[in-house]
Structures are given as structure tokens and as C-alpha cells.
Amino acid sequence: SFFNIDLKNHLLTLNVYENGLPEAVTSNAGNQSSRGIDLQIGTNPIHQIAPYVAFEYLSSHTGSNIADIDLAGLPDSLPTNGKVSPQAPEFQVALGLNYREGPFTAGVRLRWVDRQFADLMNEESMPGYLHNDFTLAYQPPDWRGLHNSKIQLNISNIGNGLFRNGVYYAPL
């Protein structure tokens, strides 16, 4: 699928620390455009194993400067027009295998996420990372009004990889 999103007066929730205490602040981040493509390809099971691959390309940019207040308390703006949006990786790729035997299903997924900027000015970034997941599920037979129910265990980051995820701002 292709996507094209243009946001006007985009509200951005920032996690900040004020006087040593965490606080969520909502700010008008101006205009933003996000364009890209998502591709997913999978097969029917071959000997109960179904492989798939997923790919995403994302181009997300701020379309205006963001209003701010300078140290003297006067109106100012951050020169963010044209900057890459924070936490918007340009590429993501995933490979997976699903196995099904009767009511049991198991799956593994390996996903690579490209680096992401951590701030509105594109001065700090989080490096790309590799992430892996495992899923085990059981679908019991229908019973007393329970239809198509499933018991599922999801284990994330099974390789114990270290990566940064999330952005916080702590004023000096």
C-alpha cells in the first residue's frame, strides 16, 4: 500500500522533565507530511510453514517552523521546516516464519528498524536496531459461547538485544 498524509497544526505530545518531575506537554508542531510504501508478501503454508517478508519506506518531514519562546521570554521559532520528523525511521524490514499444526501455532520474526531522529532539529539520533520476537498460540475448540478463542504467548526481544526506544527531554 502507498500512503500520503498531510497534517495541519499537528499536535505533538512531548515527555519532558520540569523541576525534576516527568510531565506530558502538548504542543502545536505545525505542518507535517508523511509519505511512503508498505509491502508485505507471504505464502500459503508449505509443509505447515508459511514464510513472509515485510518492507516499509517512510519519508516524514516537518513542513513549518515551530513557534517557541526564547530565553528572554520573547516569541521565537525553531527552524524545523524540512527536518525529518522525530521517531520516523526511513526503512523497516521484517522476515518471519509461521508454523501451524492442528490447534497450535508458532511464529518467529526478525525486524530491522532504521535510525530515527530523537529531536525536532535532527541533532540527535537513535541508531538502527535488530529486534526479534516469538509467538506461541493454542486455539481450543468452541465451548459454551466461546468461539474462535485463542491463548497466546508473545515473547519480545528474545535475543536480548540492546536498543534505544523512546525520546525524553530533560532541560538543563
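Look a little higher up for the structure.
The present account deals with the structure reproduced in this document. Remember, predicted model here, so these are calculated numbers, not experimental data.

**Examining the environment of Arg-100**
Thinking step 1. Here Arg-100 shows up in strand β8 (residues 91–101).
Thinking step 2. Exposure remark for Arg-100: the relative accessible area of 42% places this residue in the partly exposed category.
Thinking step 3. In this structure, the C-alpha to C-alpha distance between Arg-100 and Gln-48, residues 52 residues apart in sequence, is 5.4 Å.
Thinking step 4. Dropping the residues within four chain positions of it, Arg-100 is found in contact with Gln-48, Thr-105 and Gln-139.
Thinking step 5. In terms of polar contacts, Arg-100 uses its side chain to reach the side chain of Gln-139, at 3.3 Å.

**Things to note about the packing of aromatic side chains**
Thinking step 1. Counted under the stated rule, the structure contains three aromatic pairs.
Thinking step 2. Judged by centre distance (5.5 Å) and plane angle (50°), the ring pair of Tyr-57 and Phe-91 falls under tilted. Placement of Tyr-57 in strand β5 (residues 49–62) and of Phe-91 in strand β8 is noted, with a sequence separation of 34 residues between them.
Thinking step 3. Look at Tyr-57 and you get partly exposed, because its relative accessible area is 29%.
Thinking step 4. Relative accessible area serves as the criterion here: at 28%, Phe-91 is assigned to the partly exposed category.
Thinking step 5. Ring centres of Phe-104 and Tyr-138 lie 5.0 Å apart, and the angle between their planes is 40°; on these two criteria the pair is classed as tilted. Remark: Tyr-138 occurs in strand β12 (residues 129–138) and Phe-104 occurs in strand β9 (residues 104–113); sequence separation between them is 34 residues.
Thinking step 6. With a relative accessible area of 46%, Phe-104 lands in the partly exposed category.

Parameters at a glance
- Within each chain, residues carry numbers counting from 1 in the order of the written sequence.
- Local features in this predicted model are restricted to residues whose pLDDT is 70 or higher, and side-chain atom pairs enter the listing and the counts only when it is 80 or higher, whereas totals over whole chains, interfaces and linings include all residues.
- For the side-chain quantities, the full set of heavy atoms in the structure was used; hydrogens and water were omitted.
- Secondary structure elements are taken from DSSP: a helix is a run of H or I of four residues or more, a strand is a run of E of two residues or more, and numbering for both begins at the N terminus.
- Accessibility here uses a 1.4 Å probe with only protein chains present; expressed as a share of the type maximum, an area under 20% marks a residue as buried, one over 50% as exposed, and anything in between as partly exposed.
- Note on contacts: a residue pair qualifies if any of its non-hydrogen atoms lie within 4.5 Å across the two residues.
- We call two N or O atoms a polar contact when they sit within 3.5 Å, provided that within protein one can donate a hydrogen and the other can accept it, with sequence-adjacent residues counted only if both atoms are side-chain atoms.
- Here is the rule: rings of Phe, Tyr and Trp (six-membered ring for Trp) pair when centre to centre is within 6.5 Å. Planes less than 30 degrees apart are stacked, more than 60 are edge-to-face, and the remainder are tilted.

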